[in-house]
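Structural overview for review
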Amino acid sequence: MMFHFYYEFFVTLGLIIVLLGLSGILINRLNILISIICIEIVFYGINFSFISYSLSLKDILGQIISLFILTVAASESALALALIIMFFRVFNDILLEKI
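Attention in this report is confined to the structure presented alongside it. This is a predicted model, so every value here is computed, not measured.

About the cut-offs
Numbering of residues begins from 1 in every chain and follows the order in which that chain's sequence is written. For this predicted model, a pLDDT threshold of at least 70 governs which residues receive local features, and a threshold of 80 or more governs which side-chain atom pairs are given and counted, while totals over whole chains, interfaces and linings are taken from all residues. The basis for every side-chain value is the complete set of heavy atoms in the structure, and neither hydrogens nor water enter the calculation. Counting from the N terminus, the helices are DSSP H or I runs at least four residues long and the strands are E runs at least two residues long. This radius of gyration counts C-alpha atoms alone. The globule rule is 2.2 Å times how many residues there are, raised to the power 0.38. Relative accessibility decides the category of a residue: with a 1.4 Å probe and only protein chains considered, values under 20% of the type maximum give buried, values over 50% give exposed, and everything between is partly exposed. Residue contacts are defined here by distance: any two heavy atoms, one from each residue, within 4.5 Å place the two residues in contact. The Shrake-Rupley method, run with a 1.4 Å probe sphere, supplies the accessible areas, and residue values consider only the shown protein chains as cover. Here an angle of 0 to 180 degrees is reported between the N-to-C directions of two axes, which are lines fitted to C-alpha atoms, with helices fitted over the stretch in contact. Any angle that falls under 35 degrees is termed roughly parallel, while one over 145 is termed roughly antiparallel, one within 65 to 115 roughly perpendicular, and all others oblique. Basically, the charged four are Asp, Glu, Lys and Arg, the nonpolar ten are Ala, Val, Leu, Ile, Met, Phe, Trp, Tyr, Cys and Pro, and anything else, Gly included, counts as polar. Paired rings are identified among Phe, Tyr and Trp, the last through its six-membered ring, by centres lying within 6.5 Å, and are further divided according to the angle between planes into stacked (under 30 degrees), edge-to-face (over 60) and tilted (the rest). N or O atoms within 3.5 Å of each other form a polar contact, as long as, within protein, one can give a hydrogen and the other can take it, and as long as residues adjacent in sequence are counted only when both atoms are side-chain atoms. A helix is expected to span 1.5 Å for every residue after the first.

1. A short note on the overall build of the chain
What the chain contains, in helices and strands, is three helices and zero strands. When the helices and strands of the chain are listed from N to C terminus, the series reads α-α-α. Here the chain has a C-alpha radius of gyration of 17 Å; the compact-globule value for 99 residues is 13 Å, and the former is much larger. Expressed as a percentage of its 99 residues, the buried residues of the chain come to 24%. Within the chain, counting contacts between residues at least 6 apart in sequence, those at least 24 apart form 58% of the total. As displayed, the chain offers around 7,300 Å² of accessible surface, 79% of which is attributable to carbon and sulfur atoms.

In structure tokens, the structure reads:
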């Protein structure tokens, strides 16, 4: 027995997640850590939309692209953490108001 999913709901939910991440980036411009977390939220919203489209079209390409986006997001997180550590060593603070 196959389950019927309402794909429009999931695509809309992915769009809402992306918009929440973008609004978090625009609202909080001082704390670099929160900005990086908001960028991750945008990546996850895009992945959610790709997987929803992949399931609605019964194509695996969206899931493969989602895996590539996840690897890029993981490497971006590692690089961002290294940059935050170096920024903290130089300025003794992670707020962006000193730049």
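2. With respect to the packing of helix α2 (residues 32-57) against helix α3 (residues 61-91)
One way to put it is that α2 packs onto α3 with a least axis distance of 9 Å and a crossing angle of 175 degrees. Looking at the two axes, α2 sits roughly antiparallel to α3. When grouped by side-chain class, the residues that make up the contact of α2 with α3 number 16 nonpolar, six polar and two charged.

3. Focus: the packing of aromatic side chains
Describing an aromatic ring pair means giving the distance of the ring centres and the angle of the ring planes. All told, the structure shown has three aromatic pairs when counted by the stated rule. Here the aromatic rings of Phe-9 and Phe-10 are separated by 5.4 Å at their centres, their planes lie at 70 degrees, and the arrangement is edge-to-face. Members of the aromatic cluster, joined through ring pairs, are Phe-9, Phe-10 and Phe-48.

4. Quick notes on the environment of Asn-47
For Asn-47, the position within the fold is in helix α2. When the C-alpha positions of Asn-47 and Ile-65 are compared, they lie 8.1 Å apart, and in sequence the two are 18 residues distant. Here the side chain of Asn-47 touches Ser-66 through a polar contact of 3.3 Å, side chain to side chain.

5. Concerning α2
Compared with the 38 Å implied by 1.5 Å per residue over 26 residues, the 38 Å span of α2 between its first and last C-alpha is a close match. Among the residues making up α2, those that are buried are Ile-32, Ser-35, Ile-36, Cys-38, Glu-40, Val-42, Gly-45, Asn-47, Ser-49, Ser-52 and Ser-54. The opening residue of α2 is Asn-31, an N-cap whose side-chain oxygen sits 3.2 Å from the backbone nitrogen of Leu-33. Following α2 by one or two positions, Lys-58 has its phi on the positive side, about 55 degrees.

6. Looking at unusual backbone geometry
Phi at Lys-58 is positive, roughly 55 degrees, even though this residue is not glycine. Residue classification places Lys-58 among the exposed residues on the basis of a relative accessible area of 70%. In this model, Asn-92 sits at a positive phi of 55 degrees, which is unusual for a non-glycine residue. With respect to the secondary-structure elements, Asn-92 resides in the segment after α3. By relative accessible area, Asn-92 is classed as exposed at 58%.

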